[in-house]
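# Secondary and tertiary structure notes
Now for the letters of each chain:
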Amino acid sequence: MPGDDDKRNEIRRAVDKAFAEERARRSPRQTLIWIVGALAVVFVLAQTGFFGQSRDVTALVDVDTAEVDRLLQESPILPVIGNASRDGVRMIAFFDYACSHCRHMAPVVDEAVALTEDLHVVLLEYPVLGPESVLAARYALAAKLQGSYGPYHRALMFSIVPYTDEGLTDLGANLGLDPDRLREDAHGDPVAETLAHNRVIGSALQVDGTPTFVVGDLLFVGTIDESTLFGLISSQRAP
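These lines cover the structure that appears in this document, whether it is placed above or below. (Residues numbered from 1 in each chain as written. Predicted model: local features only at pLDDT ≥ 70, side-chain atom pairs only at ≥ 80, totals over all residues. Heavy atoms only, no water.)

### Some remarks on the packing of helix α5 (residues 131-144) against helix α9 (residues 189-204)
Here α5 crosses α9 at 120°, and the two axes come no closer than 10 Å. Here α5 runs over α9; the crossing is right-handed. Contacts between α5 and α9 involve Val 134, Ala 137, Arg 138, Leu 141 and Ala 142 on the former and, on the latter, Val 191, Ala 192, Thr 194 and Leu 195. Looking at side-chain class alone, the contact of α5 with α9 contains seven nonpolar, one polar and one charged residues. (Axes fitted to C-alpha atoms, helices over the stretch in contact; angles between N-to-C directions. Helix = DSSP H or I, 4+ residues; strand = E, 2+ residues; numbered from the N terminus. Left-handed = near helix turned anticlockwise from the far one by under 90°. Contact = heavy atoms within 4.5 Å. Nonpolar A, V, L, I, M, F, W, Y, C, P; charged D, E, K, R; others polar.)

### As for the environment of Val 207
By the element assignment, Val 207 lies in the loop between α9 and β5 (212-215). Excluding anything up to four places from it in sequence, Val 207 contacts Phe 94, Tyr 126, Gly 202 and Thr 212.

### Some remarks on the pattern of salt bridges
One pass over the structure, following the stated rule, counts six salt bridges. With a closest N to O distance of 2.8 Å, Arg 90 and Asp 69 form a salt bridge. Within this pair, whereas Arg 90 is found in strand β3 (residues 89-95), its partner Asp 69 is found in helix α3 (residues 65-73), the two being separated by 21 residues in sequence. One network of salt bridges, in which partners are shared, links Glu 67, Arg 70 and Glu 74. (Salt bridge = Lys/Arg side-chain N within 4 Å of Asp/Glu carboxyl O.)

### Focus: empty space enclosed by the protein
Inspection of every chain in the model, using the stated rule, returns one cavity of 30 Å³ or more. Estimated volume of the largest cavity: approximately 120 Å³. As for the largest cavity, its lining consists of 16 residues, of which Ala 106, Val 109, Leu 123, His 153 and Met 157 are closest to the centre. The element that contributes the greatest number of residues to the lining of the largest cavity is helix α4 (residues 100-115), accounting for five residues. Taken together, the residues that form the lining of the largest cavity break down as 13 nonpolar, one polar and two charged. (1 Å grid on protein atoms, 1.4 Å probe; cavity = no way out; pocket = protein on both sides within 12 Å on 5 of 7 lines; lining within 4 Å. Points joined across faces, edges and corners; volume = space filled by probe spheres on them.)

Following this line, the structure appears as structure tokens:
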């Protein structure tokens, strides 16, 4: 049986061939519509982890960090784990529960929090993979309103839960939350405003996908191992 790389290369060749055939067969307008649809499929495959890991660490440039700080302070619902003080190293994590790279990074982030006393992690719900992702993010933020964001967030990251009102409500009930309030809050204004606000923060930091991490003044896209993440954290400490 061919390996994962062989399968991915075979699909890439098929996509290239299909693009060529479409260009020859369709009108320019039809081709443009088809290309947009194909690119959307490729984006979803990349976000769900099909093409493997991506790594890109860059310094923040042309970013108004003071504006980002202000936006974070004004967030209606802002989940934070690790050191509650902002005096240490801050990491902002943009994620989607349906993103396999995000799931891969969840235990890495937890390990960093457990072993790094001064790490302040802001968890920003950033659903990009469709309505089910948005619904899961809504319920996680609703759990925050009942003081149980951490357990709910980890349950979504580390287990398989149906991204439906029923499945997400049942998860909350199993975690000891008020299910009626959870469902109501998930579809309420504060949660909707938070998701919209997170988009503004993402735009300010030029975030266009998940997972994206901002560690101090460094922006990192994709997955990374623990030792490299610890190195990035250490590099942001004042000398």
